[in-house]
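What follows is the residue order along each chain.
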Amino acid sequence: MEADNLAVSEVPAVNTTCLAWLQQQMQMLAPKTADSAEWIVTKWDAAEHLPVIQSFLSSLKVAQVFAWLDKLADDKLMLSTSLQTQPDKALFFTRDTERLILPDNIQVEVSGGWGSFISAVLTSASQVTSCVNARIQEVVQVGVIQGGDTMQALLRLMSTLYAPQFITGSLWPESIKKDFIGQLHKFLARLTETSHGLKGRTVLYLPQGNMADPVAAAADKDLVQQLESITIHWTRQIKEVVNQQEQDDAAEHAGPLAEIEFWRSRTVDLGGIRDQLDDKSVLQVVAILEQTRSSYLSIFLSLRKAIQQEAVVAEDNLKFLQCLEQPCRTLASATAKDIPKILPLILNCVRMIWSLSRFYNTPERLVGLLRKLSNEIINRCCSVISLPDIFNGDVDNVIIALEQSIEAGQDWKVAYEHTAKAVAARAPKPWSFDAKSVFNFVDAFKERCRQVQYDRSIL
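Everything quoted here is computed from the prediction, not taken from an experiment.

Conventions and cut-offs
Residues numbered from 1 in each chain as written. Predicted model: local features only at pLDDT ≥ 70, side-chain atom pairs only at ≥ 80, totals over all residues. Heavy atoms only, no water. Pairing = 2+ DSSP bridges. Helix = DSSP H or I, 4+ residues; strand = E, 2+ residues; numbered from the N terminus. Axes fitted to C-alpha atoms, helices over the stretch in contact; angles between N-to-C directions. Parallel < 35°, antiparallel > 145°, perpendicular 65-115°, else oblique. Left-handed = near helix turned anticlockwise from the far one by under 90°. Contact = heavy atoms within 4.5 Å. Nonpolar A, V, L, I, M, F, W, Y, C, P; charged D, E, K, R; others polar.

Turning to the sheet that holds strand β6 (residues 140-146), a few remarks are in order. Across the sheet, which stays open at both edges, the four strands sit in the order β2-β1-β3-β6 with antiparallel pairing between neighbours. Edge strands, defined here as strands with exactly one partner in the open sheet, are β2 (76-80) and β6. Averaged over neighbouring strand pairs, the angle between their axes works out to 20 degrees when direction is ignored.

What follows is the structure, encoded as structure tokens:
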């Protein structure tokens with residue numbers, strides 16, 4: 001629990017009316033079958049919860065509090081100024097830190113559902129005065145986050161509630177509104193990127209506003225500046241996707257199924273970006289920037305063409321790699337002794353990819369794929385070698401597993417060499433690349449198996 005680094009004795013006591021209002025909102029976390037009033041009494045722990053509430057209501061530094069049930073602690077009610085977990089359902093309380101809270105005339109309105117707001121009043125900047133006394137329902141906003149995805153919930157909240165009111169509001173001075181709206185668009189672009197990026201998707205932030213007439217919109221310098229900023233953000237996003245041709249370093253020891261999944265995800269992501277680039281809002285932005293002859297547009301349009309090309313590459317690569325999926329799934333569940341009989345089918349698929357694929361038939365791609373096959377073979381062999389058996393002196397099964405693992409490594413190399421000779425004899429492009437990197441780990445693994453096999457001090 002957090003309390004803005006303040007001890008209970010150092011903050012004012014919580015007004016009972018304010019506390020009752022907050023507790024009533026927390027009743028939305030109660031099960032449908034429970035008496036919510038009794039439920040909050042049983043869940044409330046004054047020693048833990050009051051310091052957080054005291055800090056939230058009295059400190060101008062604390063702007064939000066989250067409430068949720070900890071499933072790992074028998075549905076314990078948790079209050080904190082930060083949400084570092086992903087509960088199925090959580091409440092958030094956010095407040096205007098420029099205004100003090102008074103309990104006078106508190107009105108309670110409860111309505112359920114995602115993103116619902118209880119007694120929430122959006123106060124315009126012209127109405128805000130530092131440390132103005134206010135009723136709690138005018139200062140504290142309450143919302144519900146459901147589904148465990150707080151980032152997506154925040155994005156929906158900002159996009160559907162706050163952003164439209166800020167953008168269309170007319171009570172702000174123009175100088176303040178201009179700067180704020182520009183920063184708002186940047187924040188929403190980053191939030192859109194992050195929330196979808198966590199799921200492996202690239203989504204472009206689409207600005208709101210009337211852009212149907214490119215000529216009229218191009219005359220609005222503030223709007224053009226905002227659209228250029230958004231276009232710069234799009235350009236960076238797309239450039240990162242285009243340049244991501246390989247899996248990250250964490251996949252160095254991954255098997256062939258990870259390679260297939262990489263290209264499946266890339267196909268979906270690039271296809272999604274391609275569809276977004278044809279969206280009406282994106283085309284309107286392009287039309288407006290064409291009217292202004294923006295210097296940022298040419299880079300964006302060149303990357304737009306690159307996305308089209310990369311999407312074709314990803315789709316073609318996935319089409320051919322999918323022939324490997326079933327035999328590689330069989331390999332991923334095989335024991336060491338079963339590996340040799342699976343290898344011919346896998347290598348025939350690799351040979352077909354080399355001969356027919358338009359984009360995957362490069363030495364770099366093929367070596368990477370074969371190296372992942374080596375990784376999978378090592379992983380499967382390791383799964384049958386039991387260290388507890390070694391340390392407990394049960395060496396008979398271990399010796400058999402070591403022999404089978406060494407044989408699997410040898411058969412893998414023999415099967416590869418046989419296939420390479422067949423490719424050289426019949427295909428227009430032989431496998432002329434250096435295969436040492438394919439078998440470096442396999443050779444090292446076999447050597448370790450032999451060392452363990454013949455080290456009588458261990459066995």
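A few words now on the packing of helix α8 (residues 221-243) against helix α10 (residues 280-292). Running from N to C, α8 and α10 point in directions that differ by 120 degrees, and their axes come no closer than 10 Å. Judged on the interaxial angle alone, α10 and α8 are oblique. In this structure, α8 crosses over α10, and the sense of that crossing is left-handed. Residues Val224, Leu227, Glu228, Thr231 and Trp234 of α8 pack against Val282, Val285, Ile288, Leu289 and Thr292 of α10. A per-class count over the contact of α8 with α10 returns seven nonpolar, two polar and one charged.

On to unusual backbone geometry, then. Backbone geometry at aspartate 75 places phi at a positive 55 degrees, although glycine is not the residue there. Mapping aspartate 75 onto the fold places it in the loop between β1 (64-70) and β2. A positive phi angle, near 55 degrees, is found at arginine 293, a position not held by glycine. Among the structural elements, arginine 293 can be located in the loop between α10 and α11 (297-321).

So far we have only geometry, and geometry alone does not tell us how the molecule works.
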